[in-house]
Amino acid sequence: MPPDSFPRQQARTRNFNLGAPAGFQILGDGSRVAFVRSKAGDDPVACLWTLEVETGEERLIFDPGAGDEAHLSQDEIDRRERVGERHAGVTSFATDEAGRIAAFVLGERLLVVDLSSGDVRELPTPGEPFDPRPDPTGRRVAYVSRGSLRVADLGSGKDVELASDPDPDVHWGVAEFVAAEEMDRRRGYWWSPDGERMAAARVDERAVSIRYLPSPIDPTAKPRAVRYPEAGGVDAIVTLSVLSMDGAGVDVEWDREAFPYLITVTWGSEGPLTLLVMSRDQRTQRALSVDHDSGATKVVAEDHDEHWLHVVAGVPAWLPGERLLMTRDLDDTRRLTIDGEPVTPVGLQVDHVMAAGEEIVYAATDDPTQMHLWRVAASGGDAEPITTAPGLHGGEASGGVAVVASAVVEEPLTTFAVLRDGARVASITSHAERPILEARPRFITVGERELRCALLTPGGEDPTEPLPVLLDPYGGPHGSRVVRSHRAFLEPQWWADQGFAVLVADGRGTPNRGPEWERTIHFDVADPVLQDQVDALQGTAARFGFLDLDRVAIRGWSFGGYLTCLALLRRPDVFHAGVAGAPSVDWALYDTFYTERYIGTPQEHPDVYRRTSVMDDAPKLSRPLMLVHGLADDNVYVANTLALSKAFMEAGRPHTVLPLSGITHRPVDEHVAENLLLLELRFLKEALAIA
């Protein structure tokens, strides 16, 4: 068998995710960690494992064999799409508080496994079980089935329906589209600490617009109807009820007209059932405590911003003594607060909270190219770093134990350390394959805005002759590309090794440089982000004379695809060819929560929507452009690419469209992923007349 090329290896290993541990849960008293991992770097089927923290011993708890991917529910398919899941088999699981059992779905089977003995029990269901979660005491397992919320009693075997609705567009216990895609909330029910009640979301999508996803390669197949809340349109109506196991329930009351978005729900032992709700314009939010007997709510915290409020995972949270942990943007810094008082320093940008108890563990950074784990005592004191090596560090934490996933520039594989009270006590093995190439990014800062950039050249060496340039940005909110991680630059290095000087730059609007930096794109997601790519290119070329500015290409996906279209249509004096994957070319076609945060609604700001769309620019196309789009994309619909192609045709502008049948927002199929890279390379080399 011939050796792998890099495109083949990256596709076969699903971007080197296969074989790496994921989904960490620290069990009970912190003596064990549960996680999922496949057995090899090219094995797509994940198994359930545990690790004994004191000994470092790993134990296989459940092996699904070949898995059961032929019978996935649409809810499970959608969940995997929202989180970018690359595995099959056991992809997610939930446990009781003590960590005695775990529940998960395999195909259409609901399974419960004893995490000590490994004994497996299948629970009978009406069909298509989704998101099973044991109650904290381990006596019951709740799950969603075809829009209804159900509970199975593990002792008696009795299975009851807690809530349902006869209308197929009303669902109980699930997260609506914008919650799962944009708010980082992917669940729709929450157990009480004693396991006797449940807070459950009711999602009414009847007034949400319908979009249709056909199967172009099977003209006999009925198109799939999808409820999609487009900018300026109707969102799902989300309400919350507290349900008892005997079938009784009360509705949770708040001003849903003023605060329609249910951002998150928490119900722990240190405080009451608590909600975070937000206004439609995302400028005001309230944390509400709930009387679970009556459904009445009380405002316990409120925040407002003239631009928008950022959603931070892990808050609100109640600390010992019923003190409320939140975040607030103060002094151009996203800071943790306890009862309104900041407890993290100016300049340290909090990203998310991992654990909240006597000690608060959180991810934060004072350098946008890095992410570190920090801790601060709930009782007061200075914030202390847990990780210090330059890189990206994440993971999970609970009760003094942390699993730390670390990606650094010097090592291509992510490592997984287990810490107790900050000291390393064990590690979790990764079976991810080692890449066949070595990334050699050169990190630089350029221009008056101190744009963070990474430059890659063939073999990491300075060339002896001018090189064509390839910009490879994302460039938008929520996505940093210039990070101190070897793995982040594997694909850019491959492009460099094909004969390009590859430049990756993070401009205005990208995260981790402070609220003011993020909000510079308010009401303009086009001009600042494009100008920063131009400035990054010109600033880098002024420093490195081997960049050939007469041969400049750009490629990007999603927001990066939109940025590619902007570059070719509005700055053809700078950019000479491009490949745009799944571009959002008309923001009126995108969802409410994301789009309205940055540019309001099309009804209130039609001029902003027209100015940030590239549709009116279509007649200006004068450079080679390839548009690539998955026809099954339910995030950025292919209507974006097809509408732009139609505008090009009407203007007589030649262009290339590459449709990907059966592919969603990101190509996961290994043959498509491999060949797409090779086709992009061929297109750009021909466009720039590179031999």
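In what follows, the structure referred to is the one given above.
Attention in this report is confined to the structure presented alongside it. (Residues numbered from 1 in each chain as written. Predicted model: local features only at pLDDT ≥ 70, side-chain atom pairs only at ≥ 80, totals over all residues. Heavy atoms only, no water.)

1. Let's talk about the nonpolar core
Move 1: Core analysis: the biggest nonpolar cluster contains 76 residues, and L547, F575 and W587 have the highest contact counts within it.
Move 2: Looking at this core element by element, the count peaks at eight residues for helix 7 (residues 559-570).
Move 3: Aside from chain neighbours lying at most four places away, what touches W587 is A231, V525, F559, Y562, Y594, T595, I599, Y609 and T612.
Move 4: Counting residues in hydrophobic clusters, the runner-up holds 35 residues, among them A200, A236, L243 and L273. (Core = buried A, V, L, I, M, F, W, Y, C linked by side-chain atoms within 4.5 Å. Buried < 20%, exposed > 50% of the residue type's maximum accessible area, 1.4 Å probe, protein only. Helix = DSSP H or I, 4+ residues; strand = E, 2+ residues; numbered from the N terminus. Contact = heavy atoms within 4.5 Å.)

2. Details of helix 7
Move 1: An ideal rise of 1.5 Å per residue puts 16 Å on twelve residues; helix 7 measures up with 16 Å between its terminal C-alpha atoms.
Move 2: Within helix 7, eleven of the twelve residues are buried, which leaves the element mostly enclosed by the surrounding structure.
Move 3: Among the residues making up helix 7, those that are buried are F559, G560, G561, Y562, L563, T564, C565, L566, A567, L568 and L569. (Expected span 1.5 Å × (residues − 1).)

3. Thoughts on the sheet that holds strand 32 (residues 384-385)
Move 1: Reading across from one edge, 29-30-31-32 is the order of the four strands in this open sheet, with antiparallel pairing throughout. Edge positions in the sheet fall to strand 29 (349-356) and strand 32, since each of these pairs with one other strand and no more.
Move 2: Examined bridge by bridge, strand 29 and strand 30 (residues 359-365) share six bridges and lie antiparallel to one another. Each residue of the ladder has a partner; that of A356, found in strand 30, is I360. (Pairing = 2+ DSSP bridges.)

4. What about the pairing of strand 23 (residues 284-290)?
Move 1: In terms of residue burial, strand 23 counts as a mostly covered element, since six of its seven residues are buried.
Move 2: Bridge analysis of strand 22 (residues 273-278) against strand 23 gives six bridges, and the strand direction is antiparallel. What sits directly across from M278, in strand 23, is Q285.
Move 3: Two successive antiparallel strands, strand 22 and strand 23, enclose a turn made up of five residues, where Q282 displays a positive phi of approximately 65°.
Move 4: In the sheet, strand 23 pairs with strand 24 (residues 297-304) via seven bridges, with the strands oriented antiparallel. Opposite A287, over in strand 24, you have A301 as the bridge partner.

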